[in-house]
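Fold and contact review
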Amino acid sequence: QDRANPGSAKTQHPKIHIHTNKHINFKIKSSSTMFSVLEDHLTSLSGSPLAGEFLSNFITFFFGGTFYYFLLAGFSYYYIFIRYKDHYAPKFDTTQFEVTREIKTCLWNLFGEALLVSPLKMIVLRYSMTYHDFSQYGLSYFLVSLVLFWAWVETWTYWAHRWLHSVPFLYRRFHYVHHSFVATSPFAGFAFHPVDSFLQAVPTYTASFFFPVYWPLTMLHTVMISIWSVSIHDHVPMMPCKLFLYAPHHTIHHDEGRMKNYGLFTSIWDRIMNTYEDPDHIYFGYKDAKVHQTKIYEFKTGLVGDRKRQERLEKMQKRKSM
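Scoring rules and cut-offs
- In every chain, residue numbers begin from 1 and rise along the written sequence.
- This being a predicted model, a pLDDT of at least 70 is required before a residue's local features are given, and a value of 80 or more before pairs of side-chain atoms are given or counted; all residues contribute to the totals for chains, interfaces and linings.
- Derived side-chain values reflect all non-hydrogen atoms in the structure, with water molecules and hydrogen atoms excluded from consideration.
- By the criteria applied, helices consist of DSSP H or I runs no shorter than four residues and strands consist of E runs no shorter than two, each listed in order from the N terminus.
- Burial classes follow relative accessibility: with a 1.4 Å probe on protein chains only, a residue under 20% of its type's maximum area counts as buried, one over 50% as exposed, and anything between as partly exposed.
- Working definition of accessibility: Shrake-Rupley area with a 1.4 Å probe, residue cover restricted to the visible protein chains.
- The pairing test for Phe, Tyr and Trp rings, Trp by its six-membered ring, is centres within 6.5 Å, and the orientation test on the planes gives stacked under 30 degrees, edge-to-face over 60, and tilted for anything in between.
- Take the buried Ala, Val, Leu, Ile, Met, Phe, Trp, Tyr and Cys residues and link them wherever side-chain atoms come within 4.5 Å; each set so joined is a nonpolar core.
- In what follows, residue pairs with any heavy atoms lying within 4.5 Å of each other are defined as contacts.
- One side-chain nitrogen of Lys or Arg within 4 Å of one carboxyl oxygen of Asp or Glu is enough to make a salt bridge.
- For patch detection, residues must exceed 30% relative accessible area and be free of salt bridges, and they are connected within 9 Å for like charges or within 5 Å for nonpolar side chains (Val, Leu, Ile, Met, Phe, Trp, Tyr).
- The term polar contact refers here to a pair of N or O atoms within 3.5 Å; inside protein, the definition further demands a hydrogen-donor-capable atom paired with an acceptor-capable atom, and it admits residues adjacent in sequence only when both atoms are side-chain atoms.
- Under this scheme, a helix contributes an axis fitted over its contacting stretch, all axes are lines through C-alpha atoms, and angles between N-to-C directions fall in the 0 to 180 degree range.
- The scheme is simple: roughly parallel for angles under 35 degrees, roughly antiparallel for over 145, roughly perpendicular for 65 to 115, oblique for anything else.
- By convention the crossing between two helices is left-handed if the near helix lies anticlockwise of the far one by an angle smaller than a right angle, and right-handed if it lies clockwise.
- Here the nonpolar group is Ala, Val, Leu, Ile, Met, Phe, Trp, Tyr, Cys and Pro; Asp, Glu, Lys and Arg are the charged ones; every other residue, Gly included, is treated as polar.
- Take the number of residues in a helix, subtract one, and multiply by 1.5 Å to get its expected span.

Considerations on the overall build of the protein
Helix and strand content of the protein: 11 helices and four strands. Considering the protein as a whole, with its 322 residues, one finds that 47% of them fall into the buried category. Accessible surface computed for the protein: about 17,700 Å², of which carbon and sulfur atoms make up 64%.

Some remarks on the packing of aromatic side chains
Two numbers describe a pair of aromatic rings. These are the distance of the centres and the angle of the planes. This structure, assessed with the given rule, holds 33 aromatic pairs. Considering the side-chain rings of tyrosine 69 and phenylalanine 187, the 5.9 Å spacing of their centres and the 75 degrees angle between planes classify their relative orientation as edge-to-face. Taken together, the residues span a long stretch of sequence, with tyrosine 69 in helix H2 (residues 49–83) and phenylalanine 187 in the loop between helix H6 (168–179) and helix H7 (194–206) at a distance of 118 residues. With relative accessibility at 0%, the residue tyrosine 69 sits in the buried group. Look at phenylalanine 75 and tyrosine 79: their rings are 5.5 Å apart centre to centre, the planes differ by 25 degrees, and that puts the pair in the stacked class. Placement of the pair is phenylalanine 75 and tyrosine 79 together in helix H2, with a separation of four residues, close to one helical turn. Judged by relative accessible area, which is 53%, phenylalanine 75 ranks as exposed. Judged by relative accessible area, tyrosine 79 falls into the partly exposed class, the value being 30%. By way of ring pairs, the aromatic residues Tyr69, Phe70, Tyr77, Phe81, Phe92, Phe97, Phe187 and Phe190 are connected into one cluster.

Brief notes about the nonpolar core
Core analysis: the largest hydrophobic core is formed by 25 residues, its most contacted members being Tyr69, Phe81 and Phe187. Among the secondary structure elements, those contributing two or more residues to this core are H2 and helix H4 (99–127). At eight residues, the largest contribution of residues to this core is made by H2. Apart from residues no more than four positions distant in its own chain, tyrosine 69 is found in contact with Gly74, Glu102, Ile103, Cys106, Phe187 and Phe190.

What about the pattern of salt bridges?
Within this structure, the stated rule accounts for four salt bridges. Here glutamate 53 ties to arginine 126 by a salt bridge, and the two come within 2.5 Å at their closest N and O atoms. Highlighted residues: glutamate 53 in helix H2 and arginine 126 in helix H4, separated in sequence by 73 residues. Summarising the burial analysis for this pair, glutamate 53 and arginine 126 share the class buried.

A closer look at a nonpolar patch on the surface
On the surface, Leu139, Leu143, Leu146, Val147, Trp150, Leu243, Phe244, Ile268, Ile272 and Met273 cluster together into a nonpolar patch covering about 850 Å² of accessible area. For the nonpolar patch, the secondary-structure elements that each account for two or more residues are helix H5 (138–166) and helix H10 (268–272). With five residues, H5 is the single largest residue contributor to the nonpolar patch. Looking at the element boundaries, isoleucine 268 is found in helix H10.

A few points about the side chain of threonine 266
Structurally, threonine 266 is set in the loop between helix H9 (247–253) and H10. Taking the relative accessible area as the measure of exposure, threonine 266 reaches 6% and is therefore buried. Here glutamate 154 takes part through its side chain, which lies 3.1 Å from a polar atom of the side chain of threonine 266. Residues in contact with threonine 266, not counting those within four places in the same chain, are Trp150, Glu154, Leu243, Phe244 and Leu245.

Regarding unusual backbone geometry
For residues other than glycine, phi is negative in most cases, and the peptide bonds are mostly trans. Its identity as a non-glycine residue notwithstanding, asparagine 261 has a phi of 55 degrees, on the positive side. Along the chain, asparagine 261 turns up in the loop between H9 and H10.

A closer look at the packing of H5 against H7
Across the interface, H5 lies against H7 with an axial gap of 8 Å and an inter-helix angle of 160 degrees. Between H5 and H7, the angle is such that the two are roughly antiparallel. Between H5 and H7 the crossing geometry is right-handed. Where H5 approaches H7, its residues Phe149, Trp152, Val153, Trp156, Thr157, Ala160, His161 and Leu164 are matched on the opposing element by Asp196, Leu199, Gln200, Pro203, Thr204 and Thr206. Grouping the constituent residues of the contact of H5 with H7 by class yields eight nonpolar, five polar and one charged.

Overview of H6
Its 12 residues place the ends of H6 only 14 Å apart at the C-alpha level, less than the 16 Å of an ideal helix rising 1.5 Å per residue. Every buried residue of H6 is listed here: Phe174, His175, Val177, His178 and His179.

Thoughts on the environment of tryptophan 269
Counting through the fold element by element, tryptophan 269 comes out in helix H10. Expressed as a C-alpha distance, the spacing of tryptophan 269 and tyrosine 158, which sit 111 residues apart in the sequence, is 7.0 Å. When near neighbours in sequence (up to four residues on either side) are disregarded, tryptophan 269 contacts Glu154, Thr155, Tyr158, Trp159 and Thr275.

Set out below in structure tokens:
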């Protein structure tokens, strides 16, 4: 009957669902009403959905990151070095801090990184395997993806950080901006060159190009990195497990010429590649520290010096005096 009267009825075609993150006009709406309103407003002002999305990402990253930075670093600085300094760092000379320069560097970094991360986020949401519906893959896959995501980020962040030290151009041009701060305060946590910071953030955003990643996991990870980055610059050994690279590990890392402790959260890659150094000798008088040294970790001649370095310097001075 249909062949005889092809116009008498509509032919039923099977519906084909193609999984994609792309939307009309390449515009991806924010899941948050507040951010969605901001994006719509910027789109109407610019006349372009892409421009509106970029500006929304930029404003959210820069101003949100700035607020978050001052909240985290300010609280850490007040709590450890003002309110409870006698407990956490009684022997630490805070006059060596360069807080003003750290803050200026941080604001420059946040502005530059916002310019770099905003388009990367737009690309990730369109062309990667990022997903927003938790039920799409379920709990079992999410737990597997946690391990995959952690392994991916830990591996590439370790090597990116190590290359920033081992390639002279990368160190002089980019990473030295961060290492110019020797006696670091919590405000040094975001004080990077924007390119340096971006290179170390790329693994977090690119994991979803290789396996599906739940988008809130990506966002949660960026929050965790921010908290960790502030905490590892306060010099206080409050983390009991050396599987993780906590503050004294990073104090060693900031010592000039010490190619040690490159990892992000854990010491696994540092142990595998023989770049791990134990932090027990880092001590500023923290009263709950498990290991107490009679000689306080000191900052000499503008550089970080630990107990072992001071012993070597004393031996050299004795030889010269003979």
